[in-house]
Amino acid sequence: MSLLRSSDCERRFGGVAAVGFLIAIVVTAACRAGELTVSVIDPTGHGVADVVVVVAPAGPATSPATPTSPVAIMDQRDRAFSPRILVVRVGTNVEFPNNDTVSHQVYSFSPAKKFQLPLYKGQLHPPVTFDRSGLVVLGCNIHDQMVGYIYVTDAPFFGKTDPAGTLRVPGLSAGEYRISVWSPFIADQASSLTRTVRVDAQAPAASRVQLVDALRARPEPRPPRADWEY
Amino acid sequence: MSARLYACLVAGLCAGPALADDRLTVVGAVDVRWVHSTSDLSYLDGGLGKLRFDQDDTGLRLGRAFVVSRLRVADIVTLHAVVDAYGDHDRNPVDLSEFWAEVRPFPTSALRWRVRVGAFHMPISLENRGPGWSDVYSITPSALNTWLGEEFRTIGTEFEARWLGASSGYLGDVSLVAAAYAWNDPAGVLIAARGFALTDRPSTLFGGLGRPPITFYHEIDRKPGVYAGLSWRHHDRLEMRALRYDNRADPVASTVAGGTAWRTRFSSFGARLTPTANWTFIAQYLDGDTIVGADEADEDQFRMTYHAAFALASLEWGRERLTARVDRFGTHQSSGFYYGPAADDSGHAWTAAWTHDLGAQWQLAAEWIRVTSRFPPRASYGELPLNVESQTQVAIRYRFTAAL
């Protein structure tokens, strides 16, 4: 997964640039800058998908941050959070639309954001603003097996790895960057999940996070049967 | 709209302020089935047959019609009711099976709690996970869970504390449950007299079970019963449960009307493994005893021990579910007068079931079950103690859900 792919950078930003002159300036700067590819590899040599990657300059920020929407969506479908893992910048409003067939009562008691949000059918629900960095673990008061994660970061660049276990971050100015990765399914010590990498504006840089410990079992999506009750 | 109105009327919860926002949800279902049985006279008709339907019942039968309603009184307070009709010539053709209020506060730490007050099934069965305690893997639950549905209902208060592992990085949780209850002193009378059976015929709260009906929900000695259990859920793939039950009944207590308290205690263990999205494996075990009569120093005290176990494998794909199960069960009278041949029961059963969803509302279900058992009291009916009974059922089920 890549928020901005260098190969289609001009084309995609071309569309954005049509929207506003200011954004076009940002885009032009980004397309001239360096690119970083982060790979997360499990002990068997396979890429790990859906891993949160955050990239922050080791020194003063010089690159424009990844453009993101001020609103993100954490939906509920088939008695599960969708996506299971969401990564947002500090200050983002997250909507919980509830496109499931049943009601939910979403909550978090994580220090980064404590909230309780009943999601009854037919009601409009205000978005929740995530105004502190940190991991927010979501639960449902009606369905204990529902677990979701919102990773709130103040880093300027972030995203999740694609099915091959990689994330490309274009638009970086030359300099040193600190990378950290996170997933609820990674069992390695957090201290071994950070890297510092130098990005050169002229050539793509790469960083590989090789996991040592086996991944934790990832719950398989299992849509509820019509005759089940949870 | 008419379906909603009907659901509302059946649930009896239309009165009061206007309902909205999914405040009331109602699930209703009707199960009609064709039955063929080689069983002797079912115990539901006064015989000793171990299956719900006997030879006289072959043909078209009502399996079950039920309405399950859930009313949200406040964000954390809900009322639940289960109303059943089985068509087994019951004293109450329509009766209440469960009714409870639940308080479930939003967790503010990794330790969450909830309380149930009312009349409900205790958390043992790993098969009965459908609405209204219905078995989703086969038509007929195991001998173990059949018995729990027949003689037991928690009429009291249950408290659950659950440690939520996700906030600590663990994908699972552990819960401790404890309950105090009354009105379950006769529990044990059926297992002592009849042994185990395999039916989808739980008792209802007021109408009793069988002919003449045995009623199980009486308070005779004014002593509350208790149970405590532990469950562990790991990675959404494994769930394990253990529970110790003791109704603390005084085995010499009785009522003028002839009701007797049975001291019934048991331990139960169960595990449900879901290694892939398609396969489910369940195993449960239970053993205990029931006592009635004079105290332990008296040789006349009747004591019966019992045990039951089953293992089940179920495969799901698309609209299909295939299930195979093997049951074993036994009872043994270890002391007390013998009024005839000892009512020791021992046997095993094989069950094969298939369900096919015809959409969100219709389902086809078919089941074949064969029970082999030795039960000496059959001699007094002119039957051989060792008997093999089988039953085939093909059901068409309609289910609706309404929310207001």
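Residues numbered from 1 in each chain as written. Chains lettered and ligands numbered in written order. Predicted model: local features only at pLDDT ≥ 70, side-chain atom pairs only at ≥ 80, totals over all residues.

Colleague: Can you walk me through the overall build of chain A in this structure?
Modeller: Along the backbone of chain A there are two helices and 17 strands. Relative to its 230 residues, chain A shows a buried fraction of 35%. A fraction of 67% describes how many contacts in chain A between residues 6 or more apart in sequence connect residues 24 or more apart. (Helix = DSSP H or I, 4+ residues; strand = E, 2+ residues; numbered from the N terminus. Buried ≥ 20, exposed ≤ 12 C-beta atoms within 10 Å, placed from the backbone. Contact = placed C-beta atoms within 7 Å.)

Colleague: Quick question: what am I supposed to make of the overall build of chain B here?
Modeller: Broken down by element type, chain B carries three helices and 16 strands. In chain B, of all internal contacts separated by at least 6 residues, the share reaching a separation of at least 24 is 62%.

Colleague: Explanation requested: the pairing of strand E11 (residues 134-140) of chain A in the structure shown.
Modeller: All names here are of chain A. Burial analysis of E11 places five of its seven residues in the buried class, the great majority of the element. When strand E8 (residues 104-110) meets E11, the two strands line up antiparallel, connected through two bridges. Paired with Val-106 across the bridge in E11 is Cys-140. Pairing analysis gives six bridges linking E11 to strand E12 (residues 147-153), with the strands arranged antiparallel. (Pairing = 2+ DSSP bridges.)

Colleague: What should I look at first to understand the interface of chain A and chain B in this one?
Modeller: Often the size quoted for an interface is simply the accessible area lost on bringing the parts together. Listed as interface residues are 28 residues of chain A and, on the opposing side, 29 residues of chain B. Mapped by element, the contributors of at least two residues to the side of chain A that touches chain B are E8, strand E9 (113-119) and E11 of chain A. In terms of residue count, E8 of chain A provides more of the side of chain A that touches chain B than any other element does, four residues in total. Here the side of chain A that touches chain B is composed, by residue class, of 11 nonpolar, nine polar and eight charged. (Nonpolar A, V, L, I, M, F, W, Y, C, P; charged D, E, K, R; others polar.)

Colleague: Explain the sheet that holds strand E16 (residues 194-199) of chain A to me, please; I cannot follow it from the model alone.
Modeller: Whether parallel or antiparallel, the strands of a sheet pair through hydrogen bonds between backbone atoms. Residue and element names in this part refer to chain A. Across the sheet, four strands lie side by side as E13-E2-E15-E16; this open sheet has antiparallel pairing. Two strands in the sheet have a free side with no partner beyond their single neighbour: strand E13 (157-160) and E16. Neighbour-to-neighbour, the strand axes of the sheet open up by a mean angle of 20°, direction not taken into account. Across six bridges, strand E15 (residues 175-182) lies against E16 in antiparallel orientation. When the bridges of E16 are listed, Tyr-177 appears paired with Val-197. (Axes fitted to C-alpha atoms, helices over the stretch in contact; angles between N-to-C directions.)

Colleague: What am I meant to see in the nonpolar core here?
Modeller: Soluble globular proteins: nonpolar side chains tend toward being buried together. Counting residues in hydrophobic clusters, the biggest one holds 61 residues, and the most contacted among them are Ala-143, Leu-144, Trp-147, Phe-196, Leu-198, Trp-262 and Ala-308 of chain B. Examining the composition of this core, we find that six residues originate from one element, strand E12 (residues 302-317) of chain B, more than from any other. Excluding residues that lie within four positions of it along the chain, Ala-143 of chain B makes contacts with Phe-196, Ala-197, Leu-198, Ala-308, Phe-310, Asp-327, Phe-329 and Ala-349 of chain B. Among the nonpolar cores identified, the runner-up in size contains 44 residues, and Val-53, Phe-96, Val-136 and Cys-140 of chain A belong to it. (Core = buried A, V, L, I, M, F, W, Y, C linked by C-beta atoms within 7 Å.)

Colleague: Teacher, can you tell me more about helix H2 (residues 143-151) of chain B here?
Modeller: An α-helical segment advances 3.6 residues per turn. Residues three or four places apart therefore align on the same side. All names here are of chain B. Most of H2 sits inside the fold, with nine of its nine residues counted as buried. Turning to H2, its buried residues are Ala-143, Leu-144, Asn-145, Thr-146, Trp-147, Leu-148, Gly-149, Glu-150 and Glu-151. Elements that come into contact with the buried residues of H2 comprise helix H3 (189-194), strand E11 (279-292), E12, strand E13 (320-335) and strand E14 (346-357).

Colleague: How should the environment of Asp-357 of chain B be read in this particular structure?
Modeller: One can find Asp-357 of chain B in strand E14. Once the C-alpha coordinates of Asp-357 of chain B and Gly-318 of chain B are considered, the two residues, 39 residues apart in sequence, prove to be 8.7 Å apart.

Colleague: Where do I start with the domain arrangement of chain A in this structure?
Modeller: Residue and element names in this part refer to chain A. Once the domains are mapped, chain A shows domain 1 (9-66 + 156-210) and domain 2 (71-153). Going through the elements one at a time, strand E2 (52-57) and E13 are the ones with two or more residues in the side of domain 1 that touches domain 2. Looking at side-chain class alone, the side of domain 1 that touches domain 2 contains five nonpolar, one polar and two charged residues. (Domains from an automatic or database assignment.)

Colleague: Help me out: how do you make sense of unusual backbone geometry in this one?
Modeller: Only a minority of non-glycine residues have a phi that is not negative, and only a minority of peptide bonds are not trans. Note the cis peptide between Ser-82 of chain A and Pro-83 of chain A, where omega equals 5°. Structurally, Pro-83 of chain A is set in the loop between strand E5 (80-82) and strand E6 (85-89). Pro-212 of chain B follows Arg-211 of chain B through a cis peptide bond whose omega is -5°. Structurally, Pro-212 of chain B is set in the loop between H3 and strand E8 (225-234). Notably, Asp-78 of chain A is not glycine yet its phi reads approximately 50°, a positive angle. In this fold, Asp-78 of chain A is placed in the loop between strand E4 (75-77) and E5. The phi angle at Asp-236 of chain B is positive, at roughly 60°, despite the residue not being glycine. Here Asp-236 of chain B lies in the loop between E8 and strand E9 (238-246).

Colleague: Which parts of the structure should I look at to understand the sheet that holds strand E7 (residues 92-95) of chain A?
Modeller: Residues and elements named next belong to chain A. Read across the open sheet, the three strands follow the order E3-E7-E10; overall the sheet is mixed. A strand with exactly one partner marks an edge of an open sheet, and here the two such strands are strand E3 (71-73) and strand E10 (128-130). Between one strand axis and the next, the sheet turns through 35° on average, direction left out of account. Summarising the sheet, E3 and E7 pair through three bridges and their orientation is parallel. What sits directly across from Ala-72, in E7, is Val-94.

Colleague: Is there a simple way to explain the environment of Ala-395 of chain B in this structure?
Modeller: Residues and elements named next belong to chain B. Structurally, Ala-395 is set in strand E16 (residues 386-403). With 20 C-beta atoms packed within 10 Å, Ala-395 lands in the buried category. Spatially, the C-alpha atoms of Ala-395 and Arg-33 are 4.0 Å apart, while their sequence positions differ by 362 residues. Setting aside anything within four residues of it in sequence, one finds Ala-395 in contact with Asp-31, Val-32, Arg-33, Gly-63, Ile-139 and Ala-365.

Colleague: Could you clarify how one ought to interpret the environment of His-80 of chain B in this entry?
Modeller: Residues and elements named next belong to chain B. If you trace the backbone, His-80 turns up in strand E3 (residues 77-85). Given 17 C-beta atoms within a 10 Å radius, His-80 is considered partly exposed. Counting along the chain gives 56 residues from His-80 to Leu-24, while the straight-line C-alpha distance between them is 9.9 Å. Apart from residues no more than four positions distant in its own chain, His-80 is found in contact with Arg-70, Glu-98, Phe-99, Trp-100 and Glu-102.

Colleague: I would appreciate a short explanation of the confidence of the model for chain B in the present structure.
Modeller: Residue and element names in this part refer to chain B. Taken over all residues, the pLDDT of chain B has a mean of 91, while the share at 70 or more is 93%. Segment residues 1-19 is flagged for pLDDT under 50; beyond a separation of four residues in sequence, or across chains, it makes 23 contacts in the model. The ipTM assigned to the predicted complex is 0.85, against a pTM of 0.88. (pLDDT = per-residue confidence, 0-100.)

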